[in-house]
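Listed below, chain by chain, are the residues.
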Amino acid sequence: SPSLSTMNSDLYQGHSIFRHQPSYKVFNRSIEQAGDSLYAYLNEVDPEVLRQEINQTSAIFTSFNDNVALLDPRTQEVPASSLCDHSDARSCHVFPNPMRNFSALNTTQQQACLRVLLAMQRGESFDEADFVVWQATEVKRGHERQQLQNQVREYEQAQKEAIYAPMKRLILAYRKWYARRVQRLLKDHPKVQYATFSGLPQIFQSKGLNSNTASIERVELERIVGQVRLWPVPEVEGEALRTLQVRLDRYSGGVTEHVSNLLRDEDKQVQLEIDHIFVLPLDSLLMLLSSGSYVDLPTEMLLSIKDSTSSGHKCVEFQPPFPARHCGWHTNTLLLKEAYETYISQPGAARWLDFGTNGATNELQTPPNSDISSVNLQMDYKPRIIDSQPPEMLNGHCNTALVSWSLKCQAQQFSVFSTLSIPAMRDSEGKEPIGCHLIKLENKPDCGCEIMTKYELLKAWLQMKLLQSELGYCTRVSLRNFEPVLEERLTLISLEQQLQDYHSTNVSQLLSNLYELLKLLLTVPAGDYLLRYSFKYHDKFLLCNASQDTSVHNFDIHKVLAEASPSDQSFLAHTSYLPISTTLCSRMHTNLQLVPCCFPPKQRGRFVQRGLVLSRPEPRTKVPSKRTKNLKNTPSNKRRKCKTAQKNRAKARKAAAKKQELQEEEKLEKFMCL
């Protein structure tokens, strides 16, 4: 028969390099053979000197460490757990109860009280039967509230570093924000030193300078410049907060365009012909009212006093205060608020109303994502540099409102002009502004919602008062993961009540003290001054003027602000503590069915584990006891009974002493675990 090559001579025989090659078995050798060239190269040993006694694995295969933890590429931190279960929202809430204290209320009573609190919080009606339980358990909840507040305070003091550990990333972001802000502020300020000119009495927070009261009257919204958010239903989306958690550095470094000179010079001259005027921005007013209360508040601001040549009246104009040089609760809130405002200013994130100079209001149309077609082959390709610092994001959607009001004390009054930002509008006509919108970080979300600080309460009250709004909002966010905890509604009455109950502050008395301070400023000669607060002189403000002499006691604002590196050392050193609110029900209370400031209830003598089904114990059968024969009442039997009773009493005393010793050791061990 003809050969295969003769029969298939017309077929393609393939490339010549693959013809007449040895069998695949020649190459089917293990890489671990000592004569293999690749093995010898990896072991860095020549084949001539490779012998059995030096045949070992190279360091290339043993230099890798399998115990190196992988980092989260979004946060550059080691994840706490490789597995996360988000199917059940209750799994992320763990009530800290190391002493394993239990509530005096059972599960049914706690659920009834929780329904009453939720109805009060939402402004809804509640069931009468639940209210009866609420009133009946008032005394028990009062005792338990005090016990839990003490336990939470001890828990925070013992775990302070762990509680405020998530604050470090906020501190790093605030340092960058602080450096950019100070650089812009000092660019327009001359480099001069200030010497102390006089001391002004500090506005006391609990006791006033006199018994008079003052009030804010004749409030008028003069003009609005900029763009205000159209927000009919104020609610912060969880997706926005999760984005800020990952990209906090990017959004917190945004540049905000502030509008200045809302009060024109001709308007000042007209008002000066009538009376003294004070130009007092909202932040400056808050510094006068609350400086010294917390370490992370601004302590310096500039002011100028000018005389009117025609009428003899004075114009006292305050500048916004310089940023705080210490980190704490309020700097964290400020940074998150700035980042959120920059986030919603991006195209398509929110709806906006544009207020023109003539008072017209128009809703802005969302621009398209791209004006260039995706199939434009003539467009220039511009490659982006990798690992470069992203440009600063611009917050173009900002606004400034000018409000005129009168500070009236008895028969006298001062004319005040304040500038502030409007958080949002409810209607498209721009007639219903939202009083305030605060973002508060919850440091202990597993314990409940903390009360608001004095600064936060005063800021919300002043915003709602000046904007003549009866309703404000406060979004409470967890410090750990920026998850929303509660959307709280604020009213003027509730804010005044919280100031009185939690901080012993009467708003009317506080405004009266402000009136006395402004009255003292009218006696100061005209000029440019620096008003600052020092914790060394806790009961007064230091009014400083520019000095040409160089002295050790002078205050160099450029040097102090430029050399400062904000940190949380002063904040952690001070024993600041915010108690848990007794009226706010967060997501934790709803999921665990717990009343605020109450311990978890007991059920059938055991601690209730939410989410677990407790099986009922099987009934025990009683074994009938055997009846013994009555012994004769003889003297020997009486002595035997007395001896036995004496031994039993001695054993009982020893057992009681041992039990007490074990209890003390258990309490000491629980205390050391804290």
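Calculation rules
Residues numbered from 1 in each chain as written. Predicted model: local features only at pLDDT ≥ 70, side-chain atom pairs only at ≥ 80, totals over all residues. Heavy atoms only, no water. Pairing = 2+ DSSP bridges. Helix = DSSP H or I, 4+ residues; strand = E, 2+ residues; numbered from the N terminus. Axes fitted to C-alpha atoms, helices over the stretch in contact; angles between N-to-C directions. Buried < 20%, exposed > 50% of the residue type's maximum accessible area, 1.4 Å probe, protein only. Polar contact = N/O pair within 3.5 Å; in protein donor to acceptor, adjacent residues only side chain to side chain. Contact = heavy atoms within 4.5 Å. 1 Å grid on protein atoms, 1.4 Å probe; cavity = no way out; pocket = protein on both sides within 12 Å on 5 of 7 lines; lining within 4 Å. Points joined across faces, edges and corners; volume = space filled by probe spheres on them. Nonpolar A, V, L, I, M, F, W, Y, C, P; charged D, E, K, R; others polar. Parallel < 35°, antiparallel > 145°, perpendicular 65-115°, else oblique. Patch = residues over 30% accessible without salt bridge, like charges linked within 9 Å, V, L, I, M, F, W, Y side chains within 5 Å. Areas by Shrake-Rupley, 256 points an atom, 1.4 Å probe, with all protein chains shown as cover. Salt bridge = Lys/Arg side-chain N within 4 Å of Asp/Glu carboxyl O.

> Would you explain the sheet that holds strand β12 (residues 437–442) in this entry?
Taken together, 3 strands build an open sheet; the order of strands is β12-β13-β14 and the sheet is mixed. Sheet topology places β12 and β14 (484–490) at the edges, where each strand pairs with a single neighbour. Taking each pair of neighbouring strands and ignoring which way they run, the sheet shows an average axis angle of 20 degrees.

> I tried to follow the environment of Gln 593 on my own but got confused; where do I start?
Relative to the helices and strands, Gln 593 is located in the loop between α18 (587–592) and β18 (602–603). The exposure class assigned to Gln 593 is partly exposed, which follows from its relative accessible area of 25%. Between the C-alpha atoms of Gln 593 and Thr 108, which are 485 residues apart in sequence, the distance is 9.9 Å. Polar contacts involving the side chain of Gln 593 include one to the main-chain carbonyl oxygen of Thr 590, which spans 2.9 Å.

> Looking at this structure, I do not really get the sheet that holds strand β16 (residues 540–547). What am I missing?
Whenever strands of a sheet pair, they do so through backbone hydrogen bonds, lying parallel or antiparallel. If you trace the 12 strands from one edge of the open sheet to the other, you get β8-β7-β2-β10-β11-β4-β6-β5-β15-β16-β1-β17, paired in mixed fashion. In this open sheet, the two edge strands, each paired with only one partner strand, are β8 (361–363) and β17 (555–556). Sheet analysis places strand β10 (residues 399–409) next to strand β11 (residues 412–420), joined by 9 bridges and oriented antiparallel. By the bridge assignment, Cys 409 is partnered in β11 with Gln 412. Across the sheet, helix α13 (residues 454–466) touches β2 (214–230), β10 and β11, and the angle it forms with β2 is around 85 degrees.

> What is the right way to read the side chain of Ser 345 from this model?
Locating Ser 345 in the fold gives a position in the loop between α12 (329–344) and β7 (351–355). With sequence-adjacent residues up to four places away left out, Ser 345 is seen in contact with Trp 352, Leu 394, Asn 395 and His 397.

> When you look at empty space enclosed by the protein in this model, what are you seeing that I'm missing?
Regions of empty space are outlined by a rolling probe, equal in size to a water molecule, passed over the atoms. Scanning the entire structure with this criterion turns up 2 cavities of 30 Å³ or more. For the largest cavity, the calculated volume is near 60 Å³. Together, Trp 329, Asn 332, Thr 333, Lys 440, Leu 441, Asn 443, Glu 450, Glu 456 and Leu 578 line the largest cavity. Breaking the lining of the largest cavity down by element, the ones donating at least two residues are α12 and β12. Among the elements that line the lining of the largest cavity, the one with the most residues is α12, at 3 residues. Broken down by class, the residue content of the lining of the largest cavity amounts to 3 nonpolar, 3 polar and 3 charged.

> Where do I start with the packing of helix α7 (residues 167–187) against α12 in this structure?
The packing of two helices is summarised by the inter-axis angle and the distance between the axes. Remark: α7 packs on α12, axes separated minimally by 10 Å, with the N-to-C direction vectors making an angle of 70 degrees. Overall, the two elements α7 and α12 adopt an arrangement that is roughly perpendicular. Contacts from Met 167, Leu 170, Ala 173, Tyr 174 and Trp 177 in α7 reach Thr 331, Asn 332, Leu 334, Leu 335 and Glu 338 in α12. Residues that form the contact of α7 with α12 fall into these classes: 7 nonpolar, 2 polar and 1 charged.

> What is the right way to read a nonpolar patch on the surface from this model?
A grouping of Leu 668, Phe 671 and Met 672 is seen on the molecular surface, where their side chains present a nonpolar patch of about 370 Å² in accessible area. For Met 672, the location among the structural elements is in helix α19 (residues 635–673). For Met 672, a relative accessible area of 62% gives the class exposed.

> How should I be thinking about the pairing of strand β15 (residues 527–533) in this particular structure?
With respect to burial, β15 is a largely interior element, 5 of its 7 residues being buried. Alignment of β15 against β16, held across 5 bridges, turns out to be antiparallel. Its bridge partner lying in β16, Leu 531 is registered against Leu 543. Linkage of β15 to β16, two consecutive antiparallel strands, is achieved through a turn of 6 residues.

Worth remembering: the numbers are spatial, not functional.
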